[in-house]
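Secondary and tertiary structure notes
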Amino acid sequence: MMASGAPATAGAAGRYNRSRRGRLAVWWQEIDRGTLILVLILMTIGAVAVAAGSPASARRLSTARDTLSDLHFFLLHMRWQVLGLVAMFWASSLPKDSARRLGILMGAVMFVALMLVPVIGAEVNGARRWLRFGISLQPAEFLKCGFPILLAWILSWRARDPQIPVIWLCFGLMVLLGVLLMLQPDFGSTMLFSGTFLVLVLLSGMDIRRIGLFFAAGLAGLVLKYFTYDNGRNRIDYFLFGGTAFDQVDLAQRTLLNGGWTGLGFWMGSRKMALPEAHTDYIFSVIGEEFGLLACMVIVALYLAILARVILRLVEEEDLFTVLAASGFAAQLGGQAFINILVNLQL
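The structure contained in this document is the topic of the report that follows. Within each chain, residue numbers correspond to sequence positions counted from 1 in written order. Reporting in this predicted model follows two pLDDT cut-offs: at least 70 for local features of residues, and 80 or more for side-chain atom pairs to be given and counted; totals over whole chains, interfaces and linings ignore these cut-offs and use all residues. Heavy atoms throughout the structure, all of them, feed into the side-chain values; hydrogens and water do not.

1. Section: the overall build of the chain
For the chain, the helix and strand inventory stands at twelve helices and three strands. Looking at the chain as a whole, 35% of its 347 residues qualify as buried. What makes two residues a contact is simply this: any of their non-hydrogen atoms within 4.5 Å. Residue pairs at least 24 apart in sequence account for 68% of intrachain contacts in the chain once pairs closer than 6 positions are excluded. Each helix corresponds to a stretch of at least 4 residues labelled H or I by DSSP, and each strand to a stretch of at least 2 residues labelled E; elements are numbered beginning at the N terminus. Burial status follows relative accessibility: with a 1.4 Å probe on protein chains alone, a residue under 20% of its type maximum counts as buried, one over 50% as exposed, and anything between as partly exposed.

Next comes the structure, spelled out in structure tokens:
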């Protein structure tokens, strides 16, 4: 019995290995390898940049009792980057229907989580954005994975029944999301999600009259926030009138330009030490100081190349849901990157 069972076990293992190799071969054939390579290059550059900015943040947050290692935030970043790589490869191997269901579920769950933030959320630096259940969770960040899919799914109903008011359903979701984000408050995420919403409704074939209505609503929202939200007013003032030498945005610009075209060298920057959140919000300025403006131009080119490849892949795509979901993710990626870059440039 044991002798006859061994060949059967070996045969089953062999079939499993062949099946797994077959799935990997199919995945490798279907994946956009050019985009994958660009993303991996960008992630590598990001890891190096976090290593460059980590000492500034670690020393800024160290106390007499708790001293953080200079590489504290770099090591933390690498843990999340490994997890992100696993999630990226896993998600890219999912069938489209499974990915759609997962995105819809994540979007719905994160909307509910956002509703809990004003009630039980933890306040950090004057903003209530986190939920803590043993681990810290920022629902708005995870919503970025589900929001484009959720909107694309709703907008794609129009292909089956043009009478369904999909635009107004999406507008209602966007209004609810905007209110929940501004209760935290989170002006940057509100603008990013609003831009993603606008891209998707435009691609879905929205009537030109409604475009003017949404622009008017957005402008009214900006005016309202200018008079009711200090951080939003400061950002608008920086854009229109510039800042002073003591403003964070001005410090970021000075840091960015301090390295010239080729930079001062890794860990050789000095102005970065005065920046708040040098490893996150102002990392582009750290890159400019230590690796130079040429490196900054390469990063911008990488983002543009990724966006261009996504657009080219979608030109021949016929499925409305796929076009809208991919366009939404591209809008989020580009919007998040260039908002950060423009803030560092004081624009």
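There's plenty left to go through after this.
2. Description of the sheet that holds strand 1 (residues 122-124)
Following DSSP output, two strands are said to pair if at least two bridges run between them. Strand order in the open sheet formed by three strands is 1-2-3, with antiparallel pairing between adjacent strands. Edge positions in the sheet fall to strand 1 and strand 3 (136-137), since each of these pairs with one other strand and no more. Pairing of strand 2 (residues 127-132) with strand 3, which is carried by two bridges, proceeds in the antiparallel orientation. Residue pairing in the sheet places R132 in a bridge with S136 of strand 3. Its contacts with the sheet place helix 4 (residues 96-120) against strand 1 and strand 2, and it is angled at close to 110° to strand 2. Axis definition: a line fitted to C-alpha atoms, over the contacting stretch in the case of helices. Angles run 0 to 180 degrees between N-to-C directions.

3. Observations regarding the pattern of salt bridges
We count a salt bridge whenever a side-chain nitrogen from Lys or Arg sits within 4 Å of a carboxyl oxygen from Asp or Glu. Applying the stated criterion across every chain yields a total of eight salt bridges. A salt bridge links D319 to K96; its shortest N-O distance comes to 3.4 Å. Here D319 is found in the loop between helix 11 (283-315) and helix 12 (320-344), whereas its partner K96 is found in helix 4, with 223 residues between them in sequence. Note on D319: relative accessible area 28%, which makes it partly exposed.

4. Concerning the packing of helix 5 (residues 139-155) against helix 6 (residues 166-182)
For the pair helix 5 and helix 6, interaxial distance at closest approach is 10 Å and the crossing angle is 165°. In terms of orientation, helix 5 lies roughly antiparallel with respect to helix 6. Our pair here, helix 5 against helix 6, has a crossing hand that is right-handed. Residue-level inspection shows A140, L143, F147, L150, L151, I154 and L155 of helix 5 in contact with helix 6, the latter providing V166, I167, L169, C170, L173, M174, L177 and L181. Classes in brief: Ala, Val, Leu, Ile, Met, Phe, Trp, Tyr, Cys and Pro nonpolar; Asp, Glu, Lys and Arg charged; the others, Gly included, polar. Here the contact of helix 5 with helix 6 is composed, by residue class, of 15 nonpolar, no polar and no charged. Roughly parallel means an angle under 35 degrees; roughly antiparallel, over 145; roughly perpendicular, 65 to 115; everything else is oblique. Crossings are sorted by hand: turned counterclockwise from the far helix by less than a right angle, the near helix makes the crossing left-handed, and turned clockwise it makes it right-handed.

5. Some details on the nonpolar core
Core analysis: the largest hydrophobic core is formed by 32 residues, its most contacted members being F111, L143, F147 and L177. Looking at this core, the elements with two or more residues in it are helix 4, helix 5, helix 6, helix 7 (187-203) and helix 12. The leading source of residues in this core is helix 5, at nine residues. With sequence-adjacent residues up to four places away left out, F147 is seen in contact with F111, M174, L177, F193, T196, F197 and Q332. Membership of the second largest hydrophobic core comes to 16 residues, among which are L38, L293, I306 and I341. Put simply, a nonpolar core is a bunch of buried Ala, Val, Leu, Ile, Met, Phe, Trp, Tyr and Cys residues held in one set by side-chain atoms that sit within 4.5 Å of each other.

6. Quick notes on the environment of L116
Within the element layout of this structure, L116 appears in helix 4. Through-space distance from the C-alpha of L116 to that of W130 is 9.6 Å; in sequence the pair is 14 residues apart. Setting aside residues no more than four positions away along its own chain, L116 makes contact with G121 and L131.

7. A look at the packing of aromatic side chains
Each Phe, Tyr or Trp ring (for Trp, its six-membered ring) is paired with any other whose centre lies within 6.5 Å, and the angle between the two planes then decides the class: stacked below 30 degrees, edge-to-face above 60, tilted in between. A full pass over the atoms with the stated rule returns seven aromatic pairs. Ring centres of W168 and F171 lie 5.7 Å apart, and the angle between their planes is 90°; this geometry places the pair in the edge-to-face category. Of this pair, W168 and F171 both sit in helix 6, three residues apart, roughly one helical turn. Under the relative-accessibility criterion, W168 is labelled partly exposed at 39%. Taking relative accessible area as the criterion, F171 reaches 23% and is therefore assigned partly exposed. With 5.4 Å between their ring centres and 15° between their planes, F266 and W267 make a pair best called stacked.

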